[in-house]
Amino acid sequence: MQKSRGHQIDRRLPIGAEVLPDGKISFRLWAPKPKRVYVVLATDSKSSQEELRLQEEGDGYFSLLTDHARDCMRYGFKLDQAQRVLPDPASRFQPDGPAGLSQIIDHRRFSWTDTNWKGVGPRGQVIYEMHLGTFTPQGTYAAAALEFAELARIGITMIEVMPVADFPGRFGWGYDGVSMFAPTRLYGQPDDFRRFVDEAHRAGLAVILDVVYNHFGNVDNYLGEYADNFTSKRYKNEWAAAINFDDERAGPVREFFEANARYWIEEFHLDGYRYDATHAIHDASPQHILAAVNRAARRAAGDRGVYLVAENAVGEARTVRPASEGGFDMDAVWNDDFHH
């Protein structure tokens, strides 16, 4: 549990909108750039909104505990005197895309049936890389799940889902996501993704998620409104600004990604990750961010086995070395030589 300093309640994750056991909503946000932050709640009437000011905690964090919000309500944030309502950087769902309002999602309403699923190990896996938008004509989680029996029949043991972090537009491979906690609305609702994983486990298939921790997408990216510290000018990145994992202000950025690594495993029962382009993740910290997120992922899985594999174009040996030896503690490295 994450103790929020602002309103002294136990949260599971340090950021985002979280439904508490008593039904109240805890909002928590890292926004060191503005002096004041307001949450804007969309009421049942589309023309009516309610604004509530978040309390400043210090270190750039703002928080609010309220019974004015509820599960499935849409919301956004106003910063200082600006009138524009921005999406939550840690939104759990963006019904209208990454530029629209965020939606409160209570993950506990989904009923899992995979209690006996023990997870997976690194050996003997036959991995199918799946783009949900093109795997079936419908391009949905539900349609893809209808093919699990056939995938299992031909010998597939693990599905690697290409990135689902929400991105702008109607089509995309997912490698320019901007809403890192929000499974894209293009393939269905968050509970549809949970059902996809649940049914995969029932069919004997593991599911790992392709995650992009080397850059944020440039389009519909509002992180710069909240903080200047998400990105770094110390390093070059071929797709966008490099993410800031290692200067004196990087702590909340690291926390953001460690929480993300926990989130998909805890709330979607995923079996691990395929990390995109880890050679483009720059970090001179004593503990590299990849070692940190892998530790978070394994802790989130508990007794379940997880599979953590890195794409690393230069084949760095430390990718698979244990963290105790300065490595990233991956189970394997994607073989790009074979791919090309």
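For the structure, see preceding data.
As the structure is a computational prediction, the values presented were derived from the model and not from experiment.

Moving on: empty space enclosed by the protein. On inspection of all chains with the given rule, the structure shows three cavities of 30 Å³ or more. As a volume, the largest cavity reaches approximately 110 Å³. Among the elements that take part in the lining of the largest cavity, strand β15 (residues 206–211) stands out by supplying three residues, more than any other. Residue composition of the lining of the largest cavity, grouped by class: nine nonpolar, four polar and one charged.

Let us now look at the environment of Phe 167. Looking at where Phe 167 falls in the secondary structure, it is placed in the loop between β13 (165–166) and β14 (179–183). On the basis of relative accessible area, Phe 167 is assigned to the buried category, the value being 4%. Separated by 54 residues in sequence, Phe 167 and Asn 221 have C-alpha atoms that sit 9.2 Å apart. Setting aside its immediate chain neighbours within four residues, Phe 167 contacts Pro 98, Gly 172, Gly 174, Asp 176, Gly 177, Thr 184, Arg 185, Leu 186 and Tyr 187.

Attention now moves to the sheet that holds strand β3 (residues 16–19). Strands sit in the order β3-β4-β8-β7 across an open sheet of four strands; the sheet is antiparallel. The outermost strands of the open sheet, each flanked by one partner alone, are β3 and β7 (55–58). Here the strands of the sheet are splayed against their neighbours by 25° on average, with no regard to which way each runs. Bridge analysis of β7 against strand β8 (residues 61–66) gives three bridges, and the strand direction is antiparallel. Across the sheet, residue Glu 56 finds its bridge partner in β8, namely Phe 62.

Oppositely charged side chains are able to pair whenever their charged atoms sit close together. Tallied over the full model, the rule gives 26 salt bridges. One salt bridge connects Asp 191 with Arg 194, and the closest N-O pair in it is separated by 2.8 Å. Here Asp 191 pairs with Arg 194, and both are found in helix α4 (residues 190–202), just three residues apart, close to one helical turn. Look at Arg 194 and you get buried, because its relative accessible area is 1%. For Asp 276, the salt bridge identified is with Arg 274, shortest N-O distance 3.2 Å. Salt bridges sharing partners connect three or more residues here, namely Arg 12, Asp 71, Arg 109, Asp 191, Arg 194, Arg 262, Glu 266 and Glu 267.

This next bit is on the sheet that holds strand β19 (residues 307–311). With respect to topology, six strands assemble into an open sheet ordered β11-β12-β15-β18-β19-β20, the strand pairing being parallel. For this open sheet the edge positions go to β11 (127–130) and β20 (332–334), each flanked by a neighbour on one side alone. Pairs of neighbouring strands in the sheet enclose a mean axial angle of 25°, with direction left out of account. Note: β15 against strand β18 (residues 272–275), three bridges, orientation parallel.

Glancing now at α4. Between its terminal C-alpha atoms α4 stretches 19 Å, which fits the 18 Å expected from 13 residues at 1.5 Å a residue. Gly 204 occupies a position one or two residues after α4 and carries a positive phi of about 85°.

If you check helix α6 (residues 251–268), its first and last C-alpha atoms are 25 Å apart, about what 18 residues at 1.5 Å a residue would give, namely 26 Å. The principal kink in α6, of about 25°, is found at Arg 262. The element α6 is largely enclosed, with a buried count of 13 among its 18 residues. Following α6 by one or two positions, His 269 adopts a phi angle in the positive range, close to 60°.

Moving on to unusual backbone geometry. Unlike most non-glycine residues, Asp 80 shows phi in positive territory, near 55°. Assessed through its relative accessible area of 26%, Asp 80 is described here as partly exposed. A positive phi angle, close to 40°, is found at Ala 277, a residue other than glycine. Along the polypeptide, Ala 277 turns up in the loop between β18 and α7 (289–301). Its relative accessible area of 3% is what places Ala 277 among the buried residues.

Taken N-terminus to C-terminus, the directions of α4 and α6 make an angle of 70°; their axes are 10 Å apart at the nearest point. In terms of their interaxial angle, α4 and α6 are classed as roughly perpendicular. Across the interface between the two elements, Pro 190, Phe 193, Arg 194 and Val 197 from α4 touch Trp 264, Glu 267 and Phe 268 from α6. The residue makeup of the contact of α4 with α6, split by class, is five nonpolar, no polar and two charged.

Our next topic: the packing of aromatic side chains. Taken as a whole and judged by the stated rule, the model has 28 aromatic pairs. Their ring planes at 90° and their centres at 5.9 Å tell us that Tyr 141 and Tyr 187 sit as a pair that is edge-to-face. A residue pair is termed long-range when its members are at least 10 positions apart, and Tyr 141 in helix α2 (residues 141–145) and Tyr 187 in the loop between β14 and α4 qualify at 46 residues. This pair shows no difference in class: Tyr 141 is buried, exactly as Tyr 187 is. Geometrically, the ring pair formed by Phe 216 and Phe 257 is tilted, given 5.7 Å between the ring centres and 45° between the ring planes. Of this pair, Phe 216 sits in the loop between β15 and α5 (223–226) while Phe 257 is found in helix α6, placing the two residues 41 residues apart along the sequence. Both residues of the pair, Phe 216 and Phe 257, belong to the buried class. Here Arg 28 stacks its cationic end above the ring of Tyr 61, 4.3 Å away from the centre of that ring.

Rules of the game
Residues numbered from 1 in each chain as written. Predicted model: local features only at pLDDT ≥ 70, side-chain atom pairs only at ≥ 80, totals over all residues. Heavy atoms only, no water. 1 Å grid on protein atoms, 1.4 Å probe; cavity = no way out; pocket = protein on both sides within 12 Å on 5 of 7 lines; lining within 4 Å. Points joined across faces, edges and corners; volume = space filled by probe spheres on them. Helix = DSSP H or I, 4+ residues; strand = E, 2+ residues; numbered from the N terminus. Nonpolar A, V, L, I, M, F, W, Y, C, P; charged D, E, K, R; others polar. Buried < 20%, exposed > 50% of the residue type's maximum accessible area, 1.4 Å probe, protein only. Contact = heavy atoms within 4.5 Å. Pairing = 2+ DSSP bridges. Axes fitted to C-alpha atoms, helices over the stretch in contact; angles between N-to-C directions. Salt bridge = Lys/Arg side-chain N within 4 Å of Asp/Glu carboxyl O. Expected span 1.5 Å × (residues − 1). Bend = angle between axes of the 7 residues up to and from the residue. Parallel < 35°, antiparallel > 145°, perpendicular 65-115°, else oblique. Phe/Tyr/Trp six-rings, centres within 6.5 Å; stacked < 30°, edge-to-face > 60°. Lys NZ or Arg CZ within 6 Å of the ring centre and 35° of its normal.

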